[in-house]
Amino acid sequence: MSHHILTVSGLTVRAGRRSLIEDISISVNEGDFIALMGANGSGKTTLIRAILGFVRPYSGEVRLFDSIINRRNIKGLRSMIGYVPQTLRIDFKMPFLVREVVAIGRYGLAGTGRRLTQKDHASIDSALEEIGISHLAERPFGHLSGGERQKVQIARAICQGSHLLFLDEPANNLDMGAQRDLFDLLSKVNARGIGVLMVMHDIHDLPSGVTRAIIISRGRKGFEGPVEDALKRGPLSLIYGDRTDDVISWINKRGKGSRS
Amino acid sequence: MIELFSLKAFQNALLASLFGGCGLSVVGVFVILMDLPFLGIAMSHSALLGAVIGLLFGFNPLAGAIIACALSSIVIGPAADRSGTSSNSILAILFSASMGAAFLLMSLMDGPKSEALNLIWGSILTISRPEAGFLGLAFFTVIGLLVLFYKELSAVLFNREIAASSGIKERFIYYAIISSAGLIISASLDIVGGLLIFTLLVNPASAANQLTYRLKTMFLLSALFGFISCVTGLIFSYIFDLPTGAVIVIASSIIFLFSYIFSPKRGHEG
């Protein structure tokens, strides 16, 4: 049996009386690569933000390694998850070099008011190298392309030393090439034993390394299983609703196209 | 010019330029990079209101300004914490309300209003040694926090959620920024006055942001521009008998203009 990194049980988040996510249980094991899918507004982002403690749950429990997360220990435990949020306010002018952005991953570990040590700098270097962006280290972050920025965020999350990565729609606004590149990179990182939980809102073009798909529909977990099973009518309708038939015929057509 | 520098009043004013000009401009880097221009405006006008209340009821205007800033940051902190328009409109209402109240209270004062007018327009040349001393205290507090928490502050400036996710005590750092802003604003009310003080929060940091991609350089340049603006204001107002605050504002605007024209970042947008 593989080792549980993260276990979420019966997590519910409410805004007033409205329930944003309801009774969701998932677990992430070492080496998992999970695609978390669902329509816009289904609760995917709320789920990962609740796990990270940015949104307070109404009920339920999040267990990270051996600790149950609560309001007091969340600040320390958060750094065990490398998080790449969806939207970053990017300003061309922002006075941050790539290396400085990656270094943020070490800041929490180094401790308040302390300087980074030799060891911190070594792990920044090796994260830059692993992600293949050493040559960008001295470039202003605002000058990078969308794909390069995502790589910097992943390098930052990795040098944090976490065993788990959360990515919220990392391929948004990326062209096909950059998207492939990013997914290959994630598969490579995942092969090293790091668990990956990636929010996607589309089922096509899932990275090949994905081991499991979870579909959230109206705040509840509608499906969990292998990617092949997620491509059937039932699970697809949880994401696409009325447009499921269109999506299925599109997937079939494309399948034929690529084979010929 | 030489005898000018030996004047006690001028020495005090020079110290105030150094402490206030640099201090405000350093805090301005946070205001610019966190995109909170209204934070400075709202705080400086609350400080103005507090000082006017102090004058009217016969206690120290500086103490009034500090208390008002502390009280207003209880509202301003959480308000600015909310992203987007809602936060800016709350701050804008707070700013206009405190300015209105300050003017209303001033109209209630008897006799000459020169001291109250100083609070609005600033009068760096009449600043006293204890006032300059307090400003120095505020300045060294801000610089001390900056040096001690530099890496945490830079992470929060990059992105608050990312800072939090890497295990930084992001809220503590955020409120340290707000409190330092309040402290330095209330202490330097005398330099440019309540109406124009936010220009020292915004102009030097914006000018510095045109010129560098390095955060450390941005802090240094911003402090330098703030100091130059204040000293220019000081000298011109002494020689030509002009209102100091107005000259400081013009000087910092000219610095911004030149930084913008010669910015290596220009023409790269989008």
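What counts, and where the lines are drawn
Here the residue index of a chain counts from 1 through its sequence in written order. Each chain gets a letter, beginning with A, and each ligand a number, beginning with 1, in the order they are written. Local features in a predicted model are, by the rule used here, given only for residues with pLDDT of at least 70; side-chain atom pairs are given and counted only at 80 or more, and totals for whole chains, interfaces and linings are based on all residues. Note: side-chain values were computed over all heavy atoms of the structure, leaving out hydrogens and water. Patch building starts from residues that exceed 30% relative accessible area and form no salt bridge, then joins like charges within 9 Å and nonpolar side chains (Val, Leu, Ile, Met, Phe, Trp, Tyr) within 5 Å. Computed by Shrake-Rupley with a 1.4 Å probe, the accessible areas treat only the displayed protein chains as cover when residues are assessed. The working definition used for a salt bridge is a side-chain nitrogen of Lys or Arg within 4 Å of a carboxyl oxygen of Asp or Glu. All tallies of charge rest on Lys and Arg as positive and Asp and Glu as negative; His and the ends of each chain are not included. Lysine's charge is taken at NZ, arginine's at CZ, aspartate's at CG and glutamate's at CD. The helix count covers DSSP runs of H or I at least four residues long, the strand count covers runs of E at least two residues long, and both are numbered beginning at the N terminus. With a 1 Å grid spanning the protein atoms alone, the term cavity applies to any set of points in which a 1.4 Å probe fits but cannot get out, the term pocket to an open set with protein on both sides within 12 Å along at least five of seven lines, and the term lining residue to any residue with an atom within 4 Å of a point. Grid points are joined across faces, edges and corners, and a volume is the space filled by probe spheres set on the points. Residues are grouped as follows: Ala, Val, Leu, Ile, Met, Phe, Trp, Tyr, Cys and Pro are nonpolar; Asp, Glu, Lys and Arg are charged; all remaining types, including Gly, are polar. We treat two strands as partners when DSSP finds at least two bridges between them. How far a helix is expected to stretch is found by multiplying one less than its residue total by 1.5 Å. Here the bend at each residue means the angle between axes fitted to two seven-residue stretches, the one ending at that residue and the one beginning there. Buried means the residue's accessible area, taken with a 1.4 Å probe over protein chains only, is under 20% of the maximum for its type, while exposed means over 50%, and partly exposed covers the values in between. Any two residues whose heavy atoms approach within 4.5 Å at even a single point are treated as in contact.

## Looking at a positive patch on the surface
- On the surface, a cluster of positive charge is made up of A:R56, A:R71, A:K75 and B:K169.
- Its place among the elements puts A:K75 in helix α2 (residues 74-78).

## Description of empty space enclosed by the protein
Residues and elements named next belong to chain B.
- One pass over the structure, following the stated rule, counts 2 cavities of 30 Å³ or more.
- Here the largest cavity is characterised by a volume of approximately 100 Å³.
- Surrounding the largest cavity, V27, F30, V142, L145, L146, F149, L153, A176, I177 and S180 form its lining.
- Of all the secondary structure elements, the ones that give two or more residues to the lining of the largest cavity are α2 (8-33), α7 (129-148) and α10 (170-187).
- Residue classes in the lining of the largest cavity are distributed as 9 nonpolar, 1 polar and no charged.
- Reported here for the second largest cavity is a volume of approximately 40 Å³.
- Together, F30, V31, M34, L36, L39, Y174, I177 and I178 line the second largest cavity.
- Listed by contribution, the elements that provide at least two residues to the lining of the second largest cavity are α2 and α10.
- At 3 residues, α10 tops the list of elements feeding residues into the lining of the second largest cavity.

## Describing the layout of surface pockets
- Put simply, the largest pocket is a space of about 1,400 Å³.
- Contributing to the lining of the largest pocket are 46 residues, with A:R49, A:F54, B:R160, B:E161 and B:E170 lying nearest its centre.
- Sorting the residues of the lining of the largest pocket by element identifies α1 (44-51), β4 (59-64) and α2 of chain A together with α4 (61-81), α5 (85-107), α8 (150-158), α9 (160-165) and α10 of chain B as the ones contributing at least two each.
- Residue classes in the lining of the largest pocket are distributed as 22 nonpolar, 10 polar and 14 charged.
- Put simply, the second largest pocket is a space of about 920 Å³.
- In terms of lining residues, the second largest pocket is bounded by 33 residues, among which A:Y107, A:R115, B:Y150, B:K151 and B:K216 are the most central.
- Taken together, the elements giving at least two residues each to the lining of the second largest pocket come down to α3 (98-110) and α4 (118-131) of chain A together with α2, α7, α8 and α13 (215-240) of chain B.
- For the lining of the second largest pocket, the class distribution of residues is 20 nonpolar, 4 polar and 9 charged.

## Brief notes about the pairing of strand β10 (residues 220-225) of chain A
Residues and elements named next belong to chain A.
- Of the strand pairs in this sheet, strand β9 (residues 212-217) and β10 are connected by 5 bridges, and their pairing is antiparallel. For A213, the partnering residue across the bridge sits in β10 and is G225.
- Following β9, the chain reverses through 2 residues before pairing antiparallel with β10; R218 in that reversal takes a positive phi of roughly 45°.

## Things to note about α3(A)
- With 13 residues, α3(A) ought to run about 18 Å at 1.5 Å a step, and its terminal C-alpha atoms sit 19 Å apart, in line with that.
- Maximal helix bending in α3(A) amounts to about 40°, located at A:I104.
- Within α3(A) the residues assigned to the buried category are A:V98, A:V101, A:V102, A:A103, A:I104, A:G105, A:R106, A:Y107 and A:A110.
- Buried residues belonging to α3(A) abut α4 and α5 (146-159) of chain A together with α8 and α9 of chain B.
- After α3(A) finishes, the residue A:G111 shows a positive phi value of roughly 100°.

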